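Observations on the three-dimensional arrangement
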Amino acid sequence: MELDQLRALVAVVDHGTFEAAAAALHITPSAVSQRIKALEVSAGSVLVQRSRPVRPTERGAALLRSARQLLHLADEAWSDLRSPAAGSRPRVRLPIVVNADSIATWFPEALAAIAGTGLVDLEVRRDDEHVTADLLRTGEVMAAVTTEPTPVQGCRARRLGTMVYRAKAARSFVRQWFPDGASPDALAAAPVVHFDRKDRMQRTVLDSVAPGAEPPATFVPDSSQFVAAIRHGVGWGMVPDLQDPRDLLVNLDPRRTDRVELFWQAWKLSSPALDAVTAAVVAAAAAQLHQG
């Protein structure tokens, strides 16, 4: 297996088509196809599904993770050879995945610190914190903010801290829907805001007080706009403390909090770029997340 073949595999999976991969690699789509075919001959199996977007097969996903590790180490080694002078190291690309609420709250501080290192071209993907570790397993990313404390094979895990969520609504919404408090009957009828179909926080609250209730629901798949919709009285929802620091919204049940413990999982690599990203993420989390 040659590095340019592995680079073609990573590119077609990341960019979704042979044409987009060719543009990223500055070669022709035919050359990309030839490299993938040669790699498949070497591996003895089909590695990608020729669909739109391109998807790795089971064997392709297994190779993809190793390919990313090899290419990352090769890029850093080449960077060292080309730039012996301090401070002149070319940047390396590093894909990670972070949940939406972290991106909207504490993670920008980490981004600023990472940008300051000059080591990394960071590609941040967004996904639910309960599934981000799956992208580590498939090799699509090198690190993840996740709720999984057990290290994915080949990764190290460390605790970042806890995000605290509370059931909140706008004052005008409370006056209309909860004049006598957030009773089970009121919650069963009041409109609710969900992030997306993966978001179970509001459903968990409803199931605990009004099982089977199906109130009107609005889905807003953006953390900032999710909170904005609640502020505008669209419905109630579970809001992170970090997104309502001045308690402008009404807490529907001061006795209830939902706590989501977050972890940082990253590949076990001797990599200055990955080490710099890890240090920035851990420092930002320590400064803003609950550590108790």
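Residues numbered from 1 in each chain as written. Predicted model: local features only at pLDDT ≥ 70, side-chain atom pairs only at ≥ 80, totals over all residues. Heavy atoms only, no water.

Check the secondary structure of the protein chain and you find 12 helices and 11 strands. Viewed in the frame of its principal axes, the protein chain has a C-alpha envelope of about 70 × 45 × 30 Å. Relative to its 292 residues, the protein chain shows a buried fraction of 49%. If you average the places of the 33 positive and of the 33 negative side-chain charges in the protein chain, the two averages end up 2 Å apart. (Helix = DSSP H or I, 4+ residues; strand = E, 2+ residues; numbered from the N terminus. Buried < 20%, exposed > 50% of the residue type's maximum accessible area, 1.4 Å probe, protein only. Lys, Arg positive; Asp, Glu negative; His and termini not counted. Charge placed at Lys NZ, Arg CZ, Asp CG, Glu CD.)

Here we take up unusual backbone geometry. The linkage connecting arginine 52 with the following residue, proline 53, adopts the cis geometry, with an omega of 0 degrees. Following the sequence through the fold, proline 53 ends up in the loop between strand S1 (48–49) and strand S2 (55–56). Backbone geometry at histidine 26 places phi at a positive 60 degrees, although glycine is not the residue there. Mapped onto the secondary structure, histidine 26 falls in the loop between helix H2 (18–25) and helix H3 (29–43). One non-glycine residue with positive phi stands out, namely aspartate 247, at about 55 degrees. Structurally, aspartate 247 can be placed in the loop between strand S9 (237–240) and strand S10 (250–251).

A complete count under the given rule lists three aromatic pairs for this structure. When the centroid spacing of 5.9 Å and the interplanar angle of 65 degrees are considered together, the rings of phenylalanine 173 and phenylalanine 178 count as edge-to-face. Neither residue differs from the other here; phenylalanine 173 and phenylalanine 178 are each classed as buried. Here a set of aromatic residues connected by ring pairs shows up, and it is made of Phe173, Trp177 and Phe178. (Phe/Tyr/Trp six-rings, centres within 6.5 Å; stacked < 30°, edge-to-face > 60°.)

We now examine the pattern of salt bridges. It is possible for side chains bearing opposite charge to pair when their charged atoms get close. Using the criterion set out here, one finds 21 salt bridges in the structure. Across the pair aspartate 75 and arginine 7 runs a salt bridge, and its minimum N-O distance is 3.3 Å. One end of the pair, aspartate 75, is in helix H4 (residues 58–82); the other, arginine 7, is in helix H1 (residues 3–15), with 68 residues separating them in the sequence. Accessibility expressed as a relative area gives 30% for aspartate 75, which makes it partly exposed. In this structure, the salt-bridge partner of lysine 168 is aspartate 247, at a minimum N-O distance of 3.1 Å. Of this pair, lysine 168 sits in strand S6 (residues 155–169) while aspartate 247 sits in the loop between S9 and S10, placing them 79 residues apart in sequence. The exposure class assigned to lysine 168 is buried, which follows from its relative accessible area of 1%. In this structure, a network of salt bridges that share partners links the residues Asp14, Arg68, Arg93, Glu123, Arg125 and Glu140. (Salt bridge = Lys/Arg side-chain N within 4 Å of Asp/Glu carboxyl O.)

Here S6 pairs with strand S11 (residues 258–267) via 10 bridges, running antiparallel. Pairing of arginine 156 across the sheet is with alanine 266, part of S11. As judged from the four bridges shared by S6 and S9, these two strands associate in the antiparallel manner. Within the sheet, the bridge partner assigned to alanine 167 lies in S9 and is methionine 238. Pairing between S6 and S10: two bridges, direction antiparallel. (Pairing = 2+ DSSP bridges.)

When H2 is considered as a whole, its buried residues turn out to be Phe18, Ala21 and Ala22. An end-on view of H2 places all buried positions within 100 degrees of arc, on one side of the element. If you follow the buried residues of H2, they end up packed against H1, H3 and S1. (Arc of directions from axis to C-beta. Contact = heavy atoms within 4.5 Å.)

Here we take up the packing of H1 against H3. The description of two helices packed together rests on the angle between their axes and the distance between the axes. It is at 8 Å that the axes of H1 and H3 come closest, and there the two elements cross at 110 degrees. Classed by the angle they form, the pair H1 and H3 counts as roughly perpendicular. Handedness of the crossing formed by H1 with H3: left-handed. Side by side, H1 and H3 meet where Asp4, Gln5, Leu6, Ala8, Leu9 and Val12 of the first sit next to Val32, Arg35, Ile36, Ala38, Leu39 and Ser42 of the second. A breakdown of the residues in the contact of H1 with H3 according to their chemical character gives eight nonpolar, two polar and two charged. (Axes fitted to C-alpha atoms, helices over the stretch in contact; angles between N-to-C directions. Parallel < 35°, antiparallel > 145°, perpendicular 65-115°, else oblique. Left-handed = near helix turned anticlockwise from the far one by under 90°. Nonpolar A, V, L, I, M, F, W, Y, C, P; charged D, E, K, R; others polar.)

At a minimum axis separation of 8 Å, H2 and H3 run at an interaxial angle of 100 degrees. The angle between H2 and H3 falls in the class roughly perpendicular. Across the interface between the two elements, Phe18, Glu19, Ala21, Ala22 and Leu25 from H2 touch Pro29, Val32, Ser33 and Ile36 from H3.

What follows covers the environment of phenylalanine 107. Locating phenylalanine 107 in the fold gives a position in helix H6 (residues 107–117). Judged by its relative accessible area of 1%, phenylalanine 107 falls in the buried class. Taking the C-alpha atoms as reference points, phenylalanine 107 and valine 282, 175 residues apart in sequence, are found 9.9 Å from one another. Each residue touching phenylalanine 107, except ones within four places of it in the same chain, is listed here: Ile96, Val98, Ser102, Val124 and Val281.

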